[in-house]
Amino acid sequence: MSEPPVDNPAPSSDAAEDEPRPGRARKPVGWSVITIGVLVAVSATLVWRRDGLAGVLDILTHDLGLFGGILPRVLAGCLLGAFISEILPHDRVSRSLGPESGLKGLLIGSAFGAILPGGPFTAYPVASALLAVGADFGATISMVVSWTLVGYGRAVAWELPIMGADFTLWRIMISLPLPVLAGAFGRFVYVRMYPKRGDE
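Everything numeric here is computed off the predicted structure, so don't read it as measured data. Along each chain, residues carry numbers from 1 onward, in the same order as the chain's sequence is written. Local features in a predicted model are, by the rule used here, given only for residues with pLDDT of at least 70; side-chain atom pairs are given and counted only at 80 or more, and totals for whole chains, interfaces and linings are based on all residues. Hydrogens are left out, water is left out, and the side-chain values use all remaining heavy atoms of the structure.

A. Focus on the overall build of the chain. For the chain, the helix and strand inventory stands at 10 helices and zero strands. A run of H or I in DSSP counts as a helix once it spans at least four residues, and a run of E counts as a strand once it spans at least two, with each numbered from the N terminus. Counting helices and strands in the order they occur from the N terminus, the chain gives α-α-α-α-α-α-α-α-α-α. Counting all 200 residues of the chain, 24% fall into the buried class. What makes two residues a contact is simply this: any of their non-hydrogen atoms within 4.5 Å. Counted over contacts in the chain with a minimum sequence separation of 6, partners at least 24 positions apart contribute 70%. Using a 1.4 Å probe on the protein chains alone, a residue whose accessible area is under 20% of its type maximum counts as buried, one over 50% counts as exposed, and one in between counts as partly exposed.

B. The arrangement of helix H2 (residues 31–87) in detail. A rise of 1.5 Å per residue sets the reference length of H2, with its 57 residues, at 84 Å; its end C-alpha atoms lie only 36 Å apart and thus fall more than 12% short of the reference. In this scheme, the bend at a residue equals the angle between the axes fitted to the seven residues that finish there and the seven that begin there. Of all the bends in H2, the greatest measures close to 130° and is centred on Asp-51. For H2, the set of buried residues is Val-47, Gly-55, Val-56, Gly-77, Gly-81, Ile-84 and Ser-85. Tucked into the core, H2 has its buried residues touching helix H3 (90–97) and helix H5 (120–132). Helix span is expected to be 1.5 Å times the residue number reduced by one.

C. How the structure looks around a nonpolar patch on the surface. Candidates for patches are residues over 30% relative accessible area with no salt bridge; among them, like charges are joined within 9 Å and nonpolar side chains (Val, Leu, Ile, Met, Phe, Trp, Tyr) within 5 Å. Residue burial considers only the protein chains on display, and all accessible areas are found by Shrake-Rupley using a 1.4 Å probe. Here, a salt bridge means any Lys or Arg side-chain nitrogen found within 4 Å of an Asp or Glu carboxyl oxygen. A surface patch of nonpolar side chains, amounting to about 550 Å² of accessible area, comprises Trp-31, Ile-34, Val-38, Val-42 and Leu-46. Along the chain, Trp-31 falls in helix H2.

D. Local environment of the confidence of the model for the chain. The quantity called pLDDT is the predictor's confidence in a given residue, expressed from 0 to 100. Scored by pLDDT, the chain has a mean of 81; 82% of the residues are at 70 or more. Of all secondary-structure elements in the chain, the lowest mean pLDDT belongs to helix H1 (residues 13–18), at 46, while helix H6 (residues 137–149) reaches the highest, 93. Note that residues 10–24 has pLDDT below 50 and, in this model, zero contacts with residues that lie over four places away or in other chains.

Written as structure tokens, this is what we have:
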């Protein structure tokens with residue numbers, strides 16, 4: 001005796017997994033946006049009371065020009081980070097800068113940050129790309145701290161001509177261990193705050 005046909009078969013687990021899961025929607029207006037908006041409104045009101053509408057318009061014109069100059073750099077930095085995350089081999093980055101890289105990973109991150117050229121529009125997208133391709137928090141912290149403290153570009157272009165060779169060399173020598181220490185501490189704290197992520 002044949003079984004009656006089933007009109008609506010239950011979806012298989014594979015089909016359920018293939019269906020796109022809705023991502024967590026981010027609110028376009030959060031507390032940070034509201035706080036900044038309130039501060040901008042209060043500041044604009046104070047400027048308007050002191051300098052009138054001309055003072056407010058002058059600030060707006062200047063800031064729009066500044067925004068127009070910064071926007072291409074932000075776009076270029078974000079594109080750089082996106083391309084780097086696609087180009088770099090994940091397995092090699094994970095071996096060299098991942099959680100199991102030990103002191104070697106911290107030293108590589110520190111050295112990379114010291115020679116990384118450019119400003120924050122380059123450094124932070126690159127750091128984000130390294131995290132995306134397998135670098136751990138410790139090595140990435142070492143990179144960012146080294147870029148901030150050691151950065152040869154700023155030292156050669158600004159510090160050496162203004163402060164002199166003695167000051168620049170001593171400042172760099174004193175700063176050299178700090179990125180490694182910061183990365184080691186960051187790795188120690190991160191593994192204990194997020195043990196499951198640290199084991200991945």
